[in-house]
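Each chain, letter by letter, is given below.
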Amino acid sequence: MGIRLFLFLPDAESKDKKDMALRRSGFFALGAAVIFSDFMIFLVPGFFTGSAHTWWYMYFMNWSVVSHGFNGLVATHIITSFIMGIFSFMIIGLGLAGIYHLILTFRKKRSFGVPGIFAVYFLLMWVMILVRFITIELELTAFTTMTGAPTSEGDYSWYDNNGYLNQQIVTAEMESLSVVIYGLTSGFTDNLIYPCVALMHAVKFGLIRIQTDAEKKVFRVLALALLVAIAAVFTEILQELLQIIGFFNNDIIFAVICGLVLTTGWEKKLIDALEPEAETVNVSWKYPQNENLLFWVVNAIIGTAFFLQVFIGVFNPETYVALVLPFIILITAIIAANMLPRRLRNAN
Amino acid sequence: MPTDEENDSTIKPKRSRPVGRKKAGDGVERKRTNVGRRRVRTDDENGSAARRKRPRPVRRNTTEDGEVRKRTNSGRRRPTRRRKKRNENELVVIEELPSIRFIIGGEQSKWFIPACIISILLISLYGGMVSWNLQYADPDPSFDGTSREYHDCIAVNFKYGSRNSSDHEPYHPDNVKCAEKQGIDPNWSELEYQEWITSLLSDLAVDDGNHSGYVWTEAGIATMTYLVSTMNANMSVYYNPGAGDEFNATHLALWNSATIAFGGGNDSYEDLLPNGGTAMAMYIGSGGIVGHKPTGFIWTAVGLATMEYLFALNNANMSLYGYPSEGDVFTDAHLGIWNAATVGFGGGNDSFESLLPGGDSAMAMYIGAGGIVAVAPTGYVWTEEGLFTMEYLFALNNANMSLYGYPSEGDVFTEEHLGIWNAATVGFGGGNDSMEDLVPGGGSALALYIGAGGIVLWSNLTEMPTVANVSISPSAPAASDQLTCTYDYHDPQGDVDASTVRWYLNGARTLDDAVPSELSTGDEVSCSVLSSDGTNPGFRVHSEPVIIA
């Protein structure tokens with residue numbers, strides 16, 4: 001849906017229901033693609049080169065070569081290939097389709113809009129992906145296969161599933177660079193983009209209403225701060241890369257370049273696209289089934305997870321009873337809160 | 001100019017209609033498609049969508065007789081009806097949902113969706129083939145067989161050859177056959193493991209005589225059993241340790257090696273303590289993998305308070321000791337820090353025993369009567385009969401109880417005591433007793449000498465009662481005052497208090513442990529309480545002495 005939106009973007013002015021449905025579903029799909037783009041997307045280049053760090057399945061699939069021999073290996077390989085194929089198609093397709101959108105925008109055939117924000121995001125992600133992949137392949141960095149987190153300095157040896165003894169030496173320099181790149185990539189995705197996407201969706205789709213001029217100003221300032229932070233992440237990465245390859249780099253020069261980039265007004269396009277529109281706020285689709293059921297199911301899914309996280313974080317329960325009891329109390333309280341007013345009304 | 005059809009699919013507030021067929025007033029049946037709403041003629045004979053034009057009434061500017069009508073004031077053209085302006089904030093709910101196919105692929109769904117699916121399959125196929133050819137098509141040219149045989153032999157190798165497999169049988173015919181094809185020893189796992197351990201220990205693990213100062217905890221054993229079972233291994237990797245066994249340098253090296261893939265691999269002993277800083281903390285939980293190895297000595301509340309006071313004088317804090325709590329193990333490291341920190345005060349050479357209540361530490365004036373450490377509970381305490389027995393036995397050898405440090409009834413029977421006991425009883429046919437052997441009716445070789453009372457009394461640590469805040473009332477007594485030994489009693493089962501009180505006058509036990517009756521000014525009086533619920537004895541707690549005014 002995200003790729004479809006980039007390639008066949010409906011006329012931004014069109015009020016046709018079909019066009020609105022295509023736009024809306026495309027926005028949501030792109031937002032979801034951003035959220036679901038976990039560290040697997042960093043493995044995409046390695047998928048095409050057969051790089052070992054991409055093939056992470058080891059012990060953690062249902063069928064392993066160790067337990068199930070050749071057939072287990074083939075089954076696992078097919079599954080992993082398919083999973084990686086989906087991720088690869090997604091990130092490559094979104095990258096190329098995003099470029100297509102930006103080209104049409106540049107040629108004044110389209111407006112920048114929300115798809116433009118996502119197009120820029122996927123381009124930036126590709127920079128991250130390539131930086132990470134290249135540094136791994138050049139053995140400048142080392143990341144753990146299961147979590148994607150940096151590997152600490154040390155001399156590691158382990159048996160792989162083929163029964164071979166492996167050894168990896170991670171130097172202090174490798175760990176240092178891994179930490180920087182991991183910090184920047186996760187900082188970019190987790191700490192900048194996710195809040196940015198969440199905010200954008202909340203504003204775009206009317207969860208947060210921005211009506212007064214003061215509210216608009218606050219929103220624009222916030223959006224600008226996010227964009228500046230994103231720019232800062234990338235200049236930092238660029239500096240690291242220049243340092244790796246031995247190119248001259250200097251903070252003042254970077255500041256001047258960033259200033260020049262800002263004066264082109266690109267950030268205004270981004271911020272404009274973040275602002276709410278009457279269409280996204282006021283037009284919605286009726287749920288075809290029981291809306292009441294939908295309301296409770298969604299709230300139960302989100303609310304239960306939220307409550308569970310808060311409860312575990314605060315009380316750290318160590319038994320099932322300690323874990324379940326508060327839920328029973330909560331449900332009882334909710335039922336009581338619903339019943340009591342009715343009873344009181346009846347009594348009166 | 002939009003066509004009628006386009007107008008129909010354009011949003012107009014409050015004009016949405018229920019889904020389904022409707023018969024319009026003009027007799028034209030309307031139906032809705034999945035997407036949008038459009039009018040389709042169904043009454044046309046040939047089925048074409050030709051639009052029917054309704055004849056409009058013609059307004060004529062001439063009368064029937066051909067006279068041109070004149071406009072008068074009253075006949076002024078009516079102002080055109082103003083179209084109501086749409087409110088921007090008006091909520092519009094579209095009742096029809098487009099089809100999933102349309103949402104995914106849009107107007108181009110017919111070819112776009114298949115193109116995407118084919119692309120995914122091709123990409124998957126390409127990436128999968130690249131990796132397969134590199135890694136698995138011909139994994140080991142020296143192997144005498146096909147790729148299928150090679151990988152099947154890996155499974156056989158791990159089933160029968162791996163020392164971690166429950167089916168470990170290195171000389172199973174299948175394993176021998178595969179090993180022959182692979183050109184390896186059927187017992188390859190054990191051989192490689194030993195080589196690996198040797199290498200690890202020489203490179204990483206500096207074994208200081210197998211005394212790391214840390215032991216496996218029960219939580220650690222349980223966690224490890226779970227973790228290794230998920231990897232089809234078992235605890236034999238760690239030599240099947242039990243809770244309390246030494247967690248040594250080999251264990252640490254193995255742990256770090258096994259946790260690389262999870263983001264670990266660089267933990268220290270301290271990282272594996274409860275709430276330690278290991279990268280595997282989310283798997284370990286709050287129990288930790290290791291605990292401090294018991295030294296036989298634990299921190300007392302008085303000790304902690306003393307340390308905080310001393311540290312506050314130097315603007316330091318207890319982080320030096322890792323913020324221990326009362327009852328925590330007073331480790332060798334703690335003792336080292338203590339000695340280093342007290343050199344400037346004339347200390348620096350204390351042993352654990354020096355820091356016990358009444359110990360000979362050079363810092364005694366700062367420590368007070370409570371001591372920095374207490375003897376750690378072993379679960380066994382001296383009995384009165386035990387002490388008498390020991391005195392009798394020792395008297396036979398012209399020895400005395402100084403060997404045991406002159407313990408009192410209810411004092412902890414320590415590992416050191418047990419060692420002395422075994423060493424001293426070798427000549428009597430003993431020398432190999434455990435603490436359990438010394439309880440009443442125990443299996444000691446010296447049962448003949450011990451008698452029915454036993455040397456020690458077992459105390460269930462989880463069920464034993466405790467006493468606290470032992471003190472003498474009044475706190476500043478006169479010679480004529482009646483003294484009382486007060487304390488707070490606690491029993492986990494809520495059993496009644498069966499504790500016994502012992503009195504001391506000028507450091508010596510009173511006759512029958514009675515309250516000293518004849519007191520003089522300047523006498524030093526103290527008491528101690530041996531907690532008991534009638535079944536389980538606890539540990540003796542002493543009061544601070546009071547001076548008779």
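All values reported here derive from a predicted model rather than from experimental measurement.

Cut-off values and rules
Residues numbered from 1 in each chain as written. Chains lettered and ligands numbered in written order. Predicted model: local features only at pLDDT ≥ 70, side-chain atom pairs only at ≥ 80, totals over all residues. Helix = DSSP H or I, 4+ residues; strand = E, 2+ residues; numbered from the N terminus. Contact = placed C-beta atoms within 7 Å. Buried ≥ 20, exposed ≤ 12 C-beta atoms within 10 Å, placed from the backbone. Expected span 1.5 Å × (residues − 1). Bend = angle between axes of the 7 residues up to and from the residue. pLDDT = per-residue confidence, 0-100. Axes fitted to C-alpha atoms, helices over the stretch in contact; angles between N-to-C directions. Parallel < 35°, antiparallel > 145°, perpendicular 65-115°, else oblique. Left-handed = near helix turned anticlockwise from the far one by under 90°. Nonpolar A, V, L, I, M, F, W, Y, C, P; charged D, E, K, R; others polar. Pairing = 2+ DSSP bridges.

Looking only at helices and strands, chain B features 15 helices and 16 strands. Partitioning the intrachain contacts of chain B with sequence separation of at least 6 by distance along the chain shows that 56% fall at a separation of at least 24.

Let us now look at the overall build of chain A. Along the backbone of chain A there are twelve helices and three strands. Looking at chain A as a whole, 28% of its 348 residues qualify as buried. Partitioning the intrachain contacts of chain A with sequence separation of at least 6 by distance along the chain shows that 67% fall at a separation of at least 24.

Along its 42 residues, helix α4 (residues 65–106) of chain A runs just 51 Å from first to last C-alpha, ending more than 12% under the 62 Å computed at 1.5 Å per residue. The largest bend in α4(A) comes to about 85°, at N71(A).

As a further point, take the confidence of the model for chain B. Residues and elements named next belong to chain B. Overall, the predicted model of chain B reaches an average pLDDT of 71, with 65% of residues at or above 70. Low pLDDT, under 50, characterises residues 1–55; the stretch is placed with 54 contacts to residues that sit more than four places away or in other chains. Predicted as a complex, the structure gets a pTM of 0.50 and an ipTM equal to 0.76.

On to the environment of L272(B), then. With respect to the helices, strands and loops of the structure, L272(B) is situated in the loop between α8 (249–258) and α9 (281–284). Sequence spacing of L272(B) and W255(B) is 17 residues, and the spatial spacing of their C-alpha atoms is 10.0 Å.

Moving on to the environment of S408(B). All names here are of chain B. Here S408 shows up in the loop between α13 (384–396) and α14 (415–424). Residue class for S408 comes out partly exposed when judged on the 16 C-beta atoms lying within 10 Å of it. For the pair S408 and G386, spaced 22 residues apart in sequence, the C-alpha separation works out to 9.9 Å.

Further remarks concern the packing of α4(A) against helix α5 (residues 113–137) of chain A. Residue and element names in this part refer to chain A. Contact geometry for α4 and α5: axes closest at 8 Å, N-to-C directions at 130°. The angle between the axes of α4 and α5 places the two elements in the oblique class. The interaxial crossing formed by α4 with α5 has left-handed handedness. Together, L94, G95, G98, H101, L102 and T105 of α4 and P115, G116, F118, A119, F122, L123 and W126 of α5 make up the contact between the two elements. Its residues assigned to classes, the contact of α4 with α5 shows eight nonpolar, five polar and no charged.

All names here are of chain B. Bridge count for strand β12 (residues 500–505) against strand β14 (residues 524–532) is six bridges, and the pairing is antiparallel. In the strand pairing of β14, T500 is matched with L530. Inspection of the sheet shows β12 paired to strand β13 (residues 508–509) by two bridges, in the antiparallel sense. Within β13, the position partnered with L505 by the bridge is A508. What sits between the antiparallel neighbours β12 and β13 is a turn of two residues, in which N506 has the positive phi angle 50°.

Time to look at unusual backbone geometry. Cis geometry is found at the peptide bond from S473(B) to P474(B), where omega equals -5°. Structurally, P474(B) is set in the loop between β10 (466–473) and β11 (484–490). At K108(A), a position not held by glycine, the phi torsion is positive, near 65°. Summarising the element assignment, K108(A) is placed in the loop between α4 and α5. Among the residues examined, K108(A) registers 7 C-beta atoms within 10 Å and is labelled exposed.

This brings us to the packing of helix α4 (residues 147–161) of chain B against helix α5 (residues 173–182) of chain B. Residues and elements named next belong to chain B. Between α4 and α5, the shortest axis-to-axis distance is 9 Å and the interhelical angle comes to 130°. On the basis of the axis angle, α4 is oblique to α5. The two elements α4 and α5 meet at a crossing, and its hand is left-handed. Taking contact as the criterion, the partners of C153, V156, N157, Y160 and G161 in α4 are, on α5, D174, N175, C178, K181 and Q182. Of the residues that constitute the contact of α4 with α5, the class distribution is four nonpolar, four polar and two charged.

Bringing α5(A) into the picture now. All names here are of chain A. The first and last C-alpha atoms of α5 sit 37 Å apart over 25 residues, in line with the 36 Å expected at 1.5 Å per residue. Most of α5 is tucked away: 18 of the 25 residues are buried. Looking one or two places after α5, you find E139, whose phi comes out positive at around 55°.

Moving on to the environment of I113(B). Structurally, I113(B) is set in helix α3 (residues 109–136). Expressed as a C-alpha distance, the spacing of I113(B) and R101(B), which sit twelve residues apart in the sequence, is 8.3 Å.

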